[in-house]
Amino acid sequence: MTLPILHREDVREALKEMYGAGREHHLFAFYGTGEREFVKTDFAGPVEIVPVRSELELRKHLPALEDEQARVVYLVPWRGEVPMDLRGRFAKNGVVRAIGKEQRVRRIFGVERVDDDVSSSPLVGYLLTPGAPERLPCRKSTLTVDEMWSAWLMHEWGSGIDEELALDSLLAWAALDIRGPAWKAKLIAAGAEDVLTALASYLVQKRGDAAGAVLGAWLRGQGARPLELGLVCQPLLPLGQGVWIRARLKTDLEVTGDELAMKVAGQLSAAVPTALREMDRRSSSAQRMVRERADKLVDDGEVRALLIESPFLPSAWRIRLDELGRTLLSAAQKPGAEPFAEALRALDRLEKHELFKDEAVHATVERADKALRLLAWVCSDQSDLDPIASEPEYAQVERLGRWYVEEGGFVDWARRVARGASKTLFDQGIQAVVKLADERRQELDLRFARALPRWLSAKRPSTQVVPIEDVSKRVIGPFLDGKPDRSLLVLLMDGMAWAQAIEILLSLHDQPEQWGPIAWHTGKHSLGDAAYPVIAAGFPTVTEISRSAFFAGKAMVAGRDHSTDKDPERWRDNANVAKYAKNGDWPRLLLRGEGHEVHGVASEAALSLIGDRTRRVVSLVINAIDAALKGDSQQWHPWRYENVRSLPDILTAAREAGRTVLLASDHGHVPCDRMHTSAGAITGGARWRPLPSRDEVVAPCEVKLFGDGVWTPKGATALALIADDAHRYGGGAHAGEHGGATLAEVIAPCLLVRWEDPLGAQHDPALTARPLVTPPWWYREIQASVQPTAAPKQRKPTPTPVNTAQLGLPEISLPAAPVAPPVKRPSVSELKPVLSPAMLALSEVAVIKDLPRDRRDRLLRALDFLLQRQGLAKLDAFAGHLGLPPFRAGGFIANEMSPVLNVDGYQVLSYDDTHVRLDREKMAQQLEVTL
């Protein structure tokens, strides 16, 4: 019979009980064996433990007869009593104390009682052997089989496995832990093979057959293989690839039987998502390696193609990229609603892959996103941008200028981000869309540039397009005159085009202060029909001419050189702003040297000037964008507001001082990523050249300008400006250039922005911050043609100049020809929904009809938007349609829509981080209306 092996803690507990009853003798005999050692007690001091193999050995180790204070526990190999002649020296008259298995198990786990089925487990036998853990803390007072295995495995395997032994946690742990073979060898060396068998049976009983397969693979040193196979089986199982799955699991996981293999595959597949998240939390690099190794398990071409359905495998990501590229190529060849919808579905599939959120593929994701937005723009109806015969010849300047401040900046930003390599099928699809957008944009640029001479000869009509020198008179003055407590920071970002302005403004939407353009731009304060002022830079569109005109409040004189160093003096002498200076002071303008430190942050002088509440208007120039244009074309700058080092501090100072900010630019620029062709040698700038004669012929990519608003150097009478973004004068390009006549260079951003300030807006509603007006196609929705919302105002015909060198003809009265009124393209901000029959029906439902008018209108607009999209829409598109920042959409749904729709247990409306969903049938049933 095998002797029980007693641990010193078993002995201590037994001694504690025996000493509790009082003691005259201090020699004890316990049945069992163990290690010779001392056990420390607080009730009897140190007690020696002495194992003996026989009665003779017992007698040999007895203390001297006169040593009555010796304290010794003898571990003897017999039951009953010690020899009769020794009983008088032993406690309990020499009775040999037996410590039972249950008592020892209670001691190990620190519990009060043990379930009956615990003692029969092979694990108990192993835990009572030498070298086993002394303590395995249990969470409960009663030890169950589950608690026993859990406590032991937590001790053996560490914190990498959870106490519940869940399959997903087991998968993640096994994939990261390499101790399996060594752990198995240790148990075998201890003669505990039956523990391994019992553990496998327990895991199968507890977590299914897959758990046993995971354990087996881990013990063989292949702990990651079950997770790898689960990754592959996940997309293949629904597609009926049982033959491949069964063969692989039998080989790699040593699973026997077809039915068992399919069961294990299903369990592994179901646990994959949470297992990957757990693994990523512990080691993202190891998780990526598991995905890559899983990909290599499939070498069959047909089976490999089916992996596209996996949301985790790298190959599925690449296949989905190619699928998107293929649909974009097709859509670029024949743009339309159905090809666009197909591309949108391909992008949606890409977005559902886990890699979509990985920072490592951020640039790829951005290219895909912007390409789809560009495709939406290309597929949208743009016929209302076409010339109209009844309009003045310069009307294209106004029409396209208005389009550019509302939509063109978005187009140019998307083109810049989407443009890239053409190596893969994905790249080629992106480039095909970009090329299509480039062609359309070039057409608009050329049309705009060719209308500029007519606009100049008509003395630059400014009802729709405002010359840059009039900003102080047409924007700054009227804004400050509106209320005496308004104050302004004029923040001129040199060289900023609308693309960068949009990027900066959208990034400001994400900030806690929630900056946006203010309501002042609408209604009686609007300058023309556009959502924001259409500001035309001076010609050529360079800093020395256009920025100087901005600050001087007048165009620069031709034939003279103009230095920007004089801009503070020009600003001081500008009568349109000088009147707001008090007590003999003058308007202050800080250029780069005063406004910034050498390392790029705002200077104390700048922050102090902004914070001076006695000044109604202060001004600052930021050169970050213009300076970046001088860099290499291989560089690309994301123009979020925090990437301009001084801008966060400047805006914070403006907010603390209560200042609205005029975010403006002197001119825009074009990036050099398309400039592969030289238009000749540089004689003026990279994008303009002087002409000695107004009769000189210019190239097809150029436009000839002269007259009012056009500065010419000494000896020149006209300028040639490049009218597209594919040409420049001279050799290699910088990151960007300006001076030409494209929309991006000529139409300069100029809009009043402010943080969300409910108290300030209540006092002065014109200061209400609003989201940036965004075109529908930006949310990947094709924009259909729109009809004018009101009869357009008739323009006065421009008088035709009389050529006095020709002979006059007798005046003949001709009948007036009917003239079709020009079609006014509604501003993006002016577009109003026309209620569908469904909306008209909903508007009569009592719970909607009784709402306050503004709430009712918003609710109907929101419902109409969702119903037109079959009840599913992107959250950002939904927010844009309602004129809300994306972060406000959830609050609107929860606070204004759900209380009306989600009642009586009906989940009519729901939303998450990306989508909003409307159940049309449930809504009709709930509201008792026919839709």
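Residues numbered from 1 in each chain as written. Predicted model: local features only at pLDDT ≥ 70, side-chain atom pairs only at ≥ 80, totals over all residues. Heavy atoms only, no water.

(A) Looking closely at the environment of Ala265. Its location among the elements puts Ala265 in helix α12 (residues 258-282). The spatial distance from the C-alpha of Ala265 to the C-alpha of His596 is 63 Å, given a sequence separation of 331 residues. The residues touching Ala265, leaving out its near neighbours within four places in the chain, are Cys233, Leu237, Ile245 and Leu249. (Helix = DSSP H or I, 4+ residues; strand = E, 2+ residues; numbered from the N terminus. Contact = heavy atoms within 4.5 Å.)

(B) Looking closely at the packing of aromatic side chains. Going through the model one piece at a time under the given rule, you end up with 26 aromatic pairs. With a centroid separation of 5.4 Å and 40° between ring planes, the pair formed by Trp152 and Trp183 is classed as tilted. Highlighted residues: Trp152 in helix α5 (residues 145-157) and Trp183 in helix α7 (residues 180-189), separated in sequence by 31 residues. For Trp183, a relative accessible area of 7% gives the class buried. Feature note: the residues Tyr126, Trp149, Trp152, Trp157, Trp173, Trp183, Tyr202 and Trp218 constitute an aromatic cluster, connected by ring pairs. (Phe/Tyr/Trp six-rings, centres within 6.5 Å; stacked < 30°, edge-to-face > 60°. Buried < 20%, exposed > 50% of the residue type's maximum accessible area, 1.4 Å probe, protein only.)

(C) Highlighting unusual backbone geometry. A cis amide bond links Phe539 to the next residue, Pro540, at an omega of 0°. Position of Pro540 relative to the elements: it lies in the loop between β11 (534-536) and α22 (543-552). Of note in this structure, Asn93 is not a glycine but carries a positive phi near 55°. Considering the arrangement of structural elements, one finds Asn93 in the loop between β4 (72-76) and β5 (97-98). With a relative accessible area of 53%, Asn93 lands in the exposed category. Even without a glycine there, the phi angle at Arg460 is positive, about 50°. For Arg460, a relative accessible area of 12% gives the class buried.

(D) The arrangement of the pattern of salt bridges in detail. Tallying each qualifying case throughout the model produces 82 salt bridges. The residue Arg441 makes a salt bridge to Asp445 at a minimum N-O spacing of 3.2 Å. A residue pair is termed a helical-turn pair when its members lie 3 or 4 positions apart in one helix, as Arg441 and Asp445 do in helix α19 (residues 425-457) at 4 residues. For Arg441, a relative accessible area of 1% gives the class buried. Note that Glu737 and Arg728 form a salt bridge whose closest N and O atoms lie 2.8 Å from each other. Across this residue pair, the class does not change: Glu737 and Arg728 are buried. Within the structure, one salt-bridge network assembled from shared partners comprises Asp412, Arg415, Arg416, Arg419, Asp438, Arg441, Asp445, Asp673, Arg674 and Asp725. (Salt bridge = Lys/Arg side-chain N within 4 Å of Asp/Glu carboxyl O.)

(E) Representation of α7 in the model. Of the positions making up α7, those classed as buried are Gly180, Trp183 and Leu187. What you see down the axis of α7 is that its buried residues fit within an arc of 70°, all on one side. Away from its buried face, by an angle of more than 90 degrees, α7 presents the exposed residues Ala182 and Ala189. The inward-facing, buried residues of α7 contact α4 (122-127), α5, α8 (193-207) and α9 (209-219). (Arc of directions from axis to C-beta.)

(F) Expanded view of the side chain of His353. Looking at where His353 falls in the secondary structure, it is placed in the loop between α16 (337-351) and α17 (362-379). Setting aside chain neighbours within four positions, we find His353 in contact with Ser310, Pro311, Phe312, Leu313, Ala316, Trp317 and Arg320.

(G) Spotlight on the nonpolar core. Membership of the largest hydrophobic core comes to 149 residues, with the highest contact counts inside it found for Leu842, Leu863, Phe878, Met897 and Leu901. Looking at this core element by element, the count peaks at 14 residues for α19. Here Phe878 is in contact with Ala862, Phe865, Leu866, Ala889, Phe892, Ile893, Met897 and Val916, once residues within four sequence places are set aside. Counting 77 residues, the second-largest nonpolar core is a separate cluster that includes Leu171, Tyr202, Leu219 and Leu249. (Core = buried A, V, L, I, M, F, W, Y, C linked by side-chain atoms within 4.5 Å.)

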